[in-house]
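Listed below are the residues making up each chain.
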Amino acid sequence: MKINTINSFEEYVNYTEKYKNKFYFRGQANKNWNIIPSLFRKPELVHNEYKSIIKEMSESGLDAISSVFKLQHYGTPTRLCDLTISPLSALYFSTEDQDQDSEDGVIFIFDKERAIPCNSYELDIFSRALI
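Below: a short report on this structure. (Residues numbered from 1 in each chain as written. Predicted model: local features only at pLDDT ≥ 70, side-chain atom pairs only at ≥ 80, totals over all residues. Heavy atoms only, no water.)

Okay, the overall build of the protein next. Looking only at helices and strands, the protein has 5 helices and 2 strands in total. Its helices and strands in sequence order give the protein the pattern α-β-α-α-α-β-α, from N to C terminus. A burial count over the protein gives 26% of its 131 residues as buried. The contacts in the protein between residues at least 6 apart in sequence include a share of 70% that link residues at least 24 apart. Counting only carbon and sulfur atoms, one obtains 51% of the accessible surface of the protein, whose full area is about 9400 Å². (Helix = DSSP H or I, 4+ residues; strand = E, 2+ residues; numbered from the N terminus. Buried < 20%, exposed > 50% of the residue type's maximum accessible area, 1.4 Å probe, protein only. Contact = heavy atoms within 4.5 Å. Areas by Shrake-Rupley, 256 points an atom, 1.4 Å probe, with all protein chains shown as cover.)

Written out as structure tokens, the structure reads:
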């Protein structure tokens, strides 16, 4: 893994310009965290995740995976690991957690070519396993 230290907003914008539209970004407020979904940073929540999904499905009429996406979007810890196409969104998530103000944030950059597409067989199996 290649590591670069960025010291200013301007430097960040210039550095990430070459990655736009070809890569995904993930911002985390603590560089020491593993790249894992927020649900697994709070193990006490794992056992009740399915209750949140079932409730969302019944209230919204969405399927399991769409319900998880909606829960994730509104801040519920889920097993999804957020990625974005926006380097600025990733920058926000690397700085927004006030509990981590004493830590350095980090932004990971992932090649889109290596990602699993949302219409994949693997994702279909995953969504069926949620309920």
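This is not the end of the story, as more comes after the structure.
All told, the structure shown has 4 aromatic pairs when counted by the stated rule. With centroids separated by 5.5 Å and ring planes inclined at 45°, the aromatic side chains of tyrosine 15 and tyrosine 19 adopt a geometry described as tilted. Ring pairs connect the aromatic residues Tyr15, Tyr19 and Phe23, which therefore count as one cluster. The ring of tryptophan 33 is capped by arginine 41, whose NZ or CZ atom sits 4.2 Å from the centre of that ring. (Phe/Tyr/Trp six-rings, centres within 6.5 Å; stacked < 30°, edge-to-face > 60°. Lys NZ or Arg CZ within 6 Å of the ring centre and 35° of its normal.)

Our next topic: the pairing of strand 1 (residues 23–28). With 5 of 6 residues buried, strand 1 lies mostly within the body of the structure. Alignment of strand 1 against strand 2 (residues 106–111), held across 6 bridges, turns out to be antiparallel. Note that in strand 2 the partner of glycine 27 across the bridge is isoleucine 107. (Pairing = 2+ DSSP bridges.)

This paragraph deals with the nonpolar core. With 6 residues, the main nonpolar core is built from Ile53, Met57, Ala64, Val68, Leu71 and Leu80. Broken down by secondary-structure element, the contributors of at least two residues to this core are helix 2 (49–60) and helix 3 (64–73). The element that contributes the greatest number of residues to this core is helix 3, accounting for 3 residues. With 5 residues, the next largest nonpolar core counts Tyr19, Phe23, Phe25 and Ala90 among its residues. (Core = buried A, V, L, I, M, F, W, Y, C linked by side-chain atoms within 4.5 Å.)

Residues other than glycine seldom take positive phi values, yet asparagine 21 does so here, at roughly 70°. Along the chain, asparagine 21 falls in the loop between helix 1 (9–17) and strand 1.

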